[in-house]
Amino acid sequence: MKAWLEAAKSRARDIKLDVVALWFAARDPRVPWFAKFVAGMVAAYALSPIDLIPDFIPVLGYLDDLIIVPLGVILAIRLVPPPLMDEFRAQAAALETHPQSRTGMFFVVALWLALAALLIWAFWPTHAK
């Protein structure tokens, strides 16, 4: 059990490093545009201080951290050329502090507001007495 926990912690550190490396990949002109787009979206969401599904919601709150982010990281890494990804990982490892994504936070808040507007529109009484 202890070995499994250590392996999980190691994988989580690797994912954090890969997210920062993808942040670099999204800004590099040598990366193909589609890989840049996917890397940027994954990094923006993962580095956002706000989650799409808040962590205080039981089970679902950690679903994005355990499934959505790692799958997005895997997809984005496969799209970035391996030599470049190695370079970006080295850059990420050299950073003292990790960046935060205000863009990701903006998109999450915008999505929440759009969902709230949709729910209000769908359930607002349409007829007045």
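Residues numbered from 1 in each chain as written. Predicted model: local features only at pLDDT ≥ 70, side-chain atom pairs only at ≥ 80, totals over all residues. Heavy atoms only, no water.

**A short note on the environment of P81**
Looking at where P81 falls in the secondary structure, it is placed in the loop between helix 3 (60–79) and helix 4 (82–94). For P81 and S48, which are 33 residues apart along the polypeptide, the C-alpha to C-alpha distance reads 25 Å. (Helix = DSSP H or I, 4+ residues; strand = E, 2+ residues; numbered from the N terminus.)

**Focus on the UniProt feature "domain: DUF1232" (unreviewed entry) in the protein chain**
As annotated by UniProt and renumbered to match this structure, "domain: DUF1232" (unreviewed entry) occupies residues 35–71. Between the end C-alpha atoms of residues 35–71 the distance is 14 Å, and the span holds 68% helix and 0% strand. (UniProt positions renumbered as here; feature names shortened; annotations may be inferred.)

**Topic: helix 1 (residues 2–25)**
In a regular helix each residue adds 1.5 Å, so 24 residues correspond to 34 Å; helix 1 covers 34 Å between its end C-alpha atoms and thus fits that length. Residues of helix 1 that are buried: I15, D18, V19, V20, A21, L22, F24 and A25. Of the surrounding elements, those touching the buried residues of helix 1 are helix 2 (33–47), helix 3 and helix 4. (Expected span 1.5 Å × (residues − 1). Buried < 20%, exposed > 50% of the residue type's maximum accessible area, 1.4 Å probe, protein only. Contact = heavy atoms within 4.5 Å.)

**As for a nonpolar patch on the surface**
A cluster of nonpolar side chains, namely L60, Y62, L63, L66, I67, I68, L71 and I74, defines an oily patch on the protein surface of about 750 Å² accessible area. When you line up the elements, I68 lands in helix 3. For I68, a relative accessible area of 45% gives the class partly exposed. (Patch = residues over 30% accessible without salt bridge, like charges linked within 9 Å, V, L, I, M, F, W, Y side chains within 5 Å. Areas by Shrake-Rupley, 256 points an atom, 1.4 Å probe, with all protein chains shown as cover. Salt bridge = Lys/Arg side-chain N within 4 Å of Asp/Glu carboxyl O.)

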